[in-house]
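Here are the chains, one letter per residue:
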Amino acid sequence: MANNYNSSDDKMSLSINLIKEISRLRKEPEWMMEKRIKAWKIFEDLPMPQWRYFEEEKSKLHYAEEWKYTSQYFSGLNLSKFVPSIEFEDLSTKELKEKRKRSGFLVQKNSRTVSIALKDDLKNKGVIFSSLRTALIDYPELVKKYFMELVPPSEDKFTALHGALWNGGAFLYVPSDVELNLPLQSSYYVTSGKAFFNHTLIIAEPNSSITYFEDYKSNSQEQALHTEVVEIYLKKGSKVNFYAIQDWGNKIYNFSIRRSLLDNDSIINYIIGFFGGKLSRTSLDSLLKGSNAKSNNFVMFFGRENQHLDINTNTFHEAKNTNSQTLVKGGLKDDATSVYRGKIKIDREASRSDANLSERVLLLSDKAHSYAVPSLEIENNEVKAGHGIAVSQIDDDQLFYLMSRGLKRVDAEKLIVQGFFEPIIQLMPVNDLRLKFQSIIRDRIER
Amino acid sequence: MASDKMIIDESKYEAKIPVRYVFKTEPGLTERTIREISSEKNEPDWMLKRRLKSFEIFKSKPMPTWGPDLSELDFDKITFYIKPEERKASSWEELPQDIRETFDRLGIPEYERRFLGGSGAMYESEVVYSKLKKELREMGVIFTDTDTAVKEYPELVKEYFMTECVPPSDNKFAALHGAVWSGGSFIYVPPYVKVPVPLQIYFVMAQEAEGQFEHTIIIAEEGSEVNYIEGCSAPRYSKSSLHSGVVEIFTKKNARVRYTSIQNWSKSIYNLNTKRALVDENGVVEWISGTMGSKVTMLYPGSVLRGKGARAEHLTIGFAGKGQYKEGGAKIMISAPYTSAKVIAKSICANGGVMGYRGLVKINKGAVGSKVNVRCDALLMDSSSKSFTIPYNEINESKEVIVSHEAFAGKIDENHLFYLMSRGLNEEEAKALIVRGFIEPIMKKLPFEYAVELNRLIELEISKLPGAVG
C-alpha cells in the first residue's frame, strides 16, 4: 500500500502537477484537490512579504507592515527549493498501547503518522482524534466545513503554500459536554526531508473541555521549511487549553499561525514555548466573537546563536464583555534577535471589555537585539485596555543577593533566568509538561 | 471655580479675515512655481538649487500608505505661496487694522505687552510682525524670520538648513517643504547666553486651499538656554489646506532648549510636519505641545540624542473631536551613552474623533546606560471615538539599558464622576474637572495664557458631548 516517491529526484520541483499528484496518491476528495490548486495559484500571485517598497516596483506596491524586521531575511530564501516528500503512512496504521497520563496521542515522523491512540471511553463518547489525512477520508464533511475557514490561504505567501501542500497534522473533534480529563498530545519529529506542512483542526462543541499539547523536535542538519496552521473552533461554553513546545533545529525556517474563534462564554488558554528554528515566526490569534469569551495568551521564548524569533499576538474583541490577557516573556543571548508585535483591537460593539498585554525581555548578551511593537486600537469607550513592555538586563540587586548567599555568578544568573519564566510555567496544570518546559529552558540557558 | 462656567464663543477661534496679498503663485506645483517663489523672495542661487533638489526628491517619493487617509489631499489645488501686502512691521501700530484685529482675537499683543521678549507673527507665508527686545540683540541673539536669515546670515543657514537634522530625503513632506518653504523663525543663541524671556511666534493661515510651509531653525550654542513658543491657527474654510512645516533644533553641549507649540488649525487643514532636535553632550531638549485643531495631523517630533548624557523630554496633549484624525508621537533615537528620554502623551477623543500615538524608541549600539520611559494615556469620551497606540521599540544595545513603555485607554472613571457630582458639581463640570486633571502634568509646563486657551478649547469640545456619560 505504501506509495513512495523519491523526493531527492532533482527533476522534482514545486508545480501544479506535483500538487495534483500528491492529492491523487493520498486519495483525497475532489474538493480538497481544488482547494490545493486554488491555494497554489494564490501562492504564485503573492509576492514575498516585504515591508519597504522599492522605487522601481512602485506599481507592484505590496506593503506589509507586519513583516517589518523579518522580511529582510527572505532575500536568500528560495521557496521552490523546499519540496515535500511524497511518502506517507499506510492508512491502516496500527494503534499502539496507551500511554499513561494522556487521553490520547499522535506521533508523526517526517509528516508520516507513526502511531495514534485514543482512550476507548472517549471514543465511545464520540470524540474523534486522528491524523488530518485520515479524517479527510473518514469524516470529509466535518473537515470540509472547517478546513482553512479561519486561516484562509490568502493570509500570506507562506499560508498559501501551506494550503497547497499541507501534509501532516491532526484532527480533533470533541462533542458537546464531553470533558477530557487528561491531555491529548501530538508529537512531531523531523529526521530528514525538506518541507513540512502541518495542519491541525480542533473543534470543541458546546460545553466541552480540552487540554491539547503539541511538541516539535528535529535532529536534522538539513535546511528545511516548516509551516503550521492550527484552527481552533470554540463553541458556546467550551474551554481549550492549548500548550506547545517548538524546539526545531537551527536550520529550520518556521512559520506558524494558531488562531481560535471563540463563541459565547468560551475560553482559550495558550501557553507556547517558542525556542527553535533559524528563523521562526509565530502568530497567536484570538477572535473573541461571542460575549463573555476569554483569551489568555502566554508565550515564552529563548533565542541563542543567530536565531531570529518573530512573535505576534493578535486579539480581536468583537463582542461585549470579552476579556484578554497576554504576557510574553523572553530571554536572548549570543546574537539572537526577537521581534514582538502584540495587537489588541476592541471593536465598537465590544463594550465592557478588558484587555491587557505585556512583554518582558531579558537581554543576556551585548549583541542581542530586541524589537517590540505593542499596539492598541480602541473604538469603544466603555473598556479598559493597557499594554506595557520592558527590556532590561538581569537585575544587579537580585544577582548581588544570590551571590552573597554563596552562589557563583553563572549559577545566580541561571537561577534568575529560570525564575523569570517560572510564573508562566506554573500556570500549566500538568506536572510532566511543567518539567518539560523547565528542562528545555535550563538547556537553552546552559548551551 | 468649576462652577463659573466659561462662555465660549467658538467663532473667535475660527475667525475669517479679509484677503490681502500682493503676490501669489498659481495653484499646483511645478518647477516654475518654485523658481517664482525663489525669485519673488530674491533668494541667493544656492537656496534655489536646494529647493529644486528637494523637488526632485519629492517627485520620486511615494505617498505614505500607512496612517491616516491622505487621498483627498490634492497638490494641484493648493496655492503654495502667498505674499501678504504688508512687509514686516517692527511695532504693533504699524500693522493694518484687520490684521491687528485678528491678532487681537488671538491675544497676541497682550502677551507681547506683558512679558514677551520677541514676538513674530506669520500671516499667510510671510512674517509680518516681529519685534525683539533691544537687550537680546545686544547679547548677540538672533531672532528673525528664516527668509531674512537666508540673506543676512547665509553662512549659518547654509550650515544648518535641512542638512544633518532634517534632510529633504527624510520623507515626502519634508521634501515638499524643502521645495516650497517660506517664512518661519530663525533663532541663534550664542554660547553661554541664557535668553531670559520666551521667544514667541504665531502662525495664521487665512486663505482657502493654501499651503503653509514655515521653516524654523533654533541653534543653541554651548551652554546657552532658550525657550521658544509658537501658536498656530486658521479660520475655517471648506477646501482643505496643507500645513507642512519643518523644525530643526540644534542643542549643543550643555545647552537647553524648550520648544512649546500650541496648534489650533481649523478642521479643514492637513497638518503634516517634521520636527527634530539633535542633542549633544549633556544638552536638554524639551518638547511641549498641545494639538487641538486640524483635519488630519501626522506629527512625530524626534530627538536624536547623540552626545553623552543628553536628555529629551516630550510632553504632548492631543484632542481629537468630530471629523478629526490625528496621529502624534515621539521618536527617540539614541546613539550615545548615559542618555535619557521621557515621553508622556495624553490624548482625548470625543464626538467620533480618532487620536493615535505612533512612536519610536531606537537604541543603537554604544548607547550604554540609556533609559527611556514612554507613557501614553487615552481618554475616550464617548463610544463613537477611537484611540490607538502603536509604539515601535528597537533595542540594539543591552548594557544597562532600560526601556519601558506603558499605555492605557479607557473612559472617565464613573466613581470619580460620582464623587464629584455628590459634591455638588453637575455632570458637565465634573467631566471637565476630570479631564483637566488628566492633562494636568502637561498644563503645568505651559505658559499661562496658552494653558487658559487650551483649557477653554477642551471645555468647548466637552460641552458638545451628548448628555449622559458612557
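Residues numbered from 1 in each chain as written. Chains lettered and ligands numbered in written order. Predicted model: local features only at pLDDT ≥ 70, side-chain atom pairs only at ≥ 80, totals over all residues. Heavy atoms only, no water.

Asker: Explain the environment of Asp310(A) to me, and be specific about the residues and the numbers.
Answerer: Residues and elements named next belong to chain A. Mapped onto the secondary structure, Asp 310 falls in strand 14 (residues 308-317). A relative accessible area of 0% places Asp 310 in the buried class. Measuring from C-alpha to C-alpha, the distance between Asp 310 and Tyr 371 comes to 9.2 Å, with 61 residues separating the pair along the chain. Within the structure, the side chain of Asp 310 is placed 2.8 Å from the side chain of Arg 281, a separation counted as a polar contact. (Helix = DSSP H or I, 4+ residues; strand = E, 2+ residues; numbered from the N terminus. Buried < 20%, exposed > 50% of the residue type's maximum accessible area, 1.4 Å probe, protein only. Polar contact = N/O pair within 3.5 Å; in protein donor to acceptor, adjacent residues only side chain to side chain.)

Asker: Hey, could you go over the pattern of salt bridges for me, with residue numbers and the actual values?
Answerer: Going through the model one piece at a time under the given rule, you end up with 45 salt bridges over all chains. With a shortest N-O distance of 3.1 Å, Glu31(B) and Arg35(B) are connected by a salt bridge. Taken together, the residues span about one helical turn, with Glu31(B) and Arg35(B) both in helix 1 (residues 31-40) at a distance of four residues. Accessibility expressed as a relative area gives 35% for Glu31(B), which makes it partly exposed. Between Arg256(B) and Glu286(B) there is a salt bridge, and its shortest N-O distance comes to 3.7 Å. One end of the pair, Arg256(B), is in strand 13 (residues 256-264); the other, Glu286(B), is in strand 15 (residues 284-291), with 30 residues separating them in the sequence. Taking relative accessible area as the criterion, Arg256(B) reaches 33% and is therefore assigned partly exposed. Take Glu286(B): its relative accessible area is 5%, and that puts it in the buried class. If you follow the salt bridges from partner to partner, you end up with Lys343(A), Lys345(A), Asp347(A), Glu377(A), Glu379(A) and Lys386(B) in one network. (Salt bridge = Lys/Arg side-chain N within 4 Å of Asp/Glu carboxyl O.)

Asker: Please provide a residue-by-residue account of the nonpolar core, values included.
Answerer: If you look at the biggest cluster of nonpolar residues, it comprises 109 residues, and the most contacted ones within it are Leu172(A), Ile210(A), Tyr212(A), Ile232(A), Phe242(A), Tyr228(B) and Ile249(B). With five residues, the single largest contributor to this core is strand 23 (residues 371-380) of chain B. Once you skip the residues sitting within four places of it in the chain, Phe242(A) turns out to touch Ile202(A), Tyr212(A), Glu214(A), Val230(A), Ile232(A), Arg258(A), Asn269(A), Tyr270(A), Ile271(A) and Ile272(A). Among the nonpolar cores identified, the runner-up in size contains 45 residues, and Phe82(A), Tyr146(A), Phe158(A) and Ile203(A) belong to it. (Core = buried A, V, L, I, M, F, W, Y, C linked by side-chain atoms within 4.5 Å. Contact = heavy atoms within 4.5 Å.)

Asker: Tell me about the packing of aromatic side chains, residues and numbers included.
Answerer: Residues and elements named next belong to chain A. What the rule picks out here adds up to 21 aromatic pairs over all chains. Their ring planes at 35 degrees and their centres at 5.1 Å tell us that Trp 40 and Phe 43 sit as a pair that is tilted. With a gap of three residues between them, Trp 40 and Phe 43 both fall in helix 2 (residues 30-45), about one helical turn apart. Ring centres of Tyr 188 and Tyr 216 lie 5.0 Å apart, and the angle between their planes is 15 degrees; on these two criteria the pair is classed as stacked. Of this pair, Tyr 188 sits in strand 5 (residues 184-190) while Tyr 216 sits in strand 7 (residues 209-218), placing them 28 residues apart in sequence. A cation sits over an aromatic face here: Arg 26 above Trp 166, 4.9 Å from the ring centre. (Phe/Tyr/Trp six-rings, centres within 6.5 Å; stacked < 30°, edge-to-face > 60°. Lys NZ or Arg CZ within 6 Å of the ring centre and 35° of its normal.)

Asker: Explain the interface of chain A and chain B to me, and be specific about the residues and the numbers.
Answerer: Taken together, the 40 residues of chain A in the interface contact 40 residues of chain B. Carbon and sulfur atoms supply 48% of the area buried between chain A and chain B, which totals about 3200 Å² over both sides. The interface formed by chain A and chain B includes two salt bridges. Its salt-bridge partner being Lys386(B), residue Glu379(A) comes within 3.4 Å of it at the nearest N-O pair. (Buried area = accessible area lost by both parts, 1.4 Å probe.)

Everything listed here is a matter of coordinates, which is why it stays silent on function.
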